[in-house]
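Descriptive structure summary
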Amino acid sequence: MEGQEENVNQNANTGANNEPEGANTQNTNQNTGTNNNPVTFDDFLKDGKNQAEFDRRIQKAIQTAQESWKAKNDQERSEAERLAQMNETEKLQYQLSQKDKSIEEIQKKLNARDLKDEAIKIATTQDTAFDPEFLNLFDYENMTAEQLQEKTKLIKTIQDRIVEKTINEWSKEKPPYNPNPENNSNLDTRVSQAFGN
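In this report, the structure presented in the accompanying data block is examined. These figures come from a predicted structure and were not determined experimentally. (Residues numbered from 1 in each chain as written. Predicted model: local features only at pLDDT ≥ 70, side-chain atom pairs only at ≥ 80, totals over all residues. Heavy atoms only, no water.)

1. A few points about helix α4 (residues 88-124)
This is how it is decided: Helix and strand assignments follow DSSP, with helices taken as H or I runs no shorter than four residues and strands as E runs no shorter than two, numbered in order from the N terminus. Helices are assigned an expected span. That span is 1.5 Å times one less than the residue count. Each residue is placed in one exposure class: buried if its accessible area under a 1.4 Å probe, protein chains only, is under 20% of its type's maximum, exposed if it is over 50%, and partly exposed if it falls in between. We call two residues contacting when some pair of their heavy atoms lies within 4.5 Å. The definition of a polar contact used here is a pair of N or O atoms within 3.5 Å, where within protein one atom must be able to donate a hydrogen and the other to accept one, and adjacent residues in sequence count solely through side-chain atom pairs.
With 37 residues, α4 ought to run about 54 Å at 1.5 Å a step, and its terminal C-alpha atoms sit 54 Å apart, in line with that. Within α4, burial applies to Y94, A112, L115, A119, I122 and A123. In this structure, the buried residues of α4 make contact with α3 (48-85) and α5 (145-171). N-capping of α4 is provided by N87, with a side-chain oxygen placed 3.2 Å from the backbone N of T89.

2. Thoughts on the nonpolar core
Within soluble globular proteins, side chains that are nonpolar tend to cluster in buried spots. Condition: Among the buried residues, those of types Ala, Val, Leu, Ile, Met, Phe, Trp, Tyr and Cys that are joined through side-chain atoms within 4.5 Å form a nonpolar core.
Counting 12 residues, the largest nonpolar core consists of A112, L115, A119, I122, A123, F130, L135, F138, Y140, M143, L148 and I155. Listing elements by their share of this core, those giving two or more residues are α4 and α5. Residue contacts for A123: discarding those within four places in its chain leaves T128, A129, F130, P132 and L135.

3. Details of the pattern of salt bridges
Worth spelling out the cut-off: Each reported salt bridge corresponds to a side-chain nitrogen of Lys or Arg within 4 Å of a carboxyl oxygen of Asp or Glu.
Here the structure, examined in full by the defined rule, presents six salt bridges. The partner of K46 in a salt bridge is D43, with the nearest N and O atoms 3.4 Å apart. The closest approach of N and O atoms between R56 and E53, which form a salt bridge, is 2.6 Å. Pair noted here: R56 and E53 are both in helix α3, with a separation of three residues, about one helical turn. One network of salt bridges, in which partners are shared, links E53, R56 and R57.

4. Things to note about a nonpolar patch on the surface
Quick note on the threshold: Each patch is assembled from residues with relative accessible area greater than 30% and no salt bridge, linking like charges that lie within 9 Å and nonpolar side chains (Val, Leu, Ile, Met, Phe, Trp, Tyr) that lie within 5 Å. Accessible surface area values rest on a Shrake-Rupley calculation with a 1.4 Å probe, where residue burial reflects the displayed protein chains alone.
A surface patch of nonpolar side chains, about 490 Å² in accessible area, is lined by V39, F41, F44, F54, I58 and I62. Those elements that provide at least two residues to the nonpolar patch are α2 (41-45) and α3. No other element matches the three residues that α3 contributes to the nonpolar patch. Among the secondary structure elements, F41 is positioned in helix α2.

Encoded structure:
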């Protein structure tokens, strides 16, 4: 009997080995090609649903880009028309106001960078240390140094409370195991009887 089982298994194995590569792996995994090779993008697109979804996304991206380009182009055109209607003094005033806006924007970004650096120092200083991941919640461009101080103190306080609560919970002693809580009153009497009281 054992010899027959070995023959059957050997025949099954040789049959699998005689098949062309990838013949048995066709339905095993939809995400891989034959011989566990990753599916190429072209193979992925051969499915009609995938091709349709891909085309839809490409169309949407093209449409969004065209709308963005058109809006930017319209804005530049209207600005050029306004400049054409202005006299020299108005043009200079307009250009000056544009430069002031860009300077304010740059100053805002520099202040934001400085505030972020300061926040990192606060978060990593031993006395005021807290998890620096919280710094990702701040909007540095619209924040003052005073607001940064207040928010970092608040985060430090909250983190200290959480740590203290966790330590208190861990340090609490668990009550001893009592398999039969209904007999607690009888337990005292049995203990006193056992010690001869």
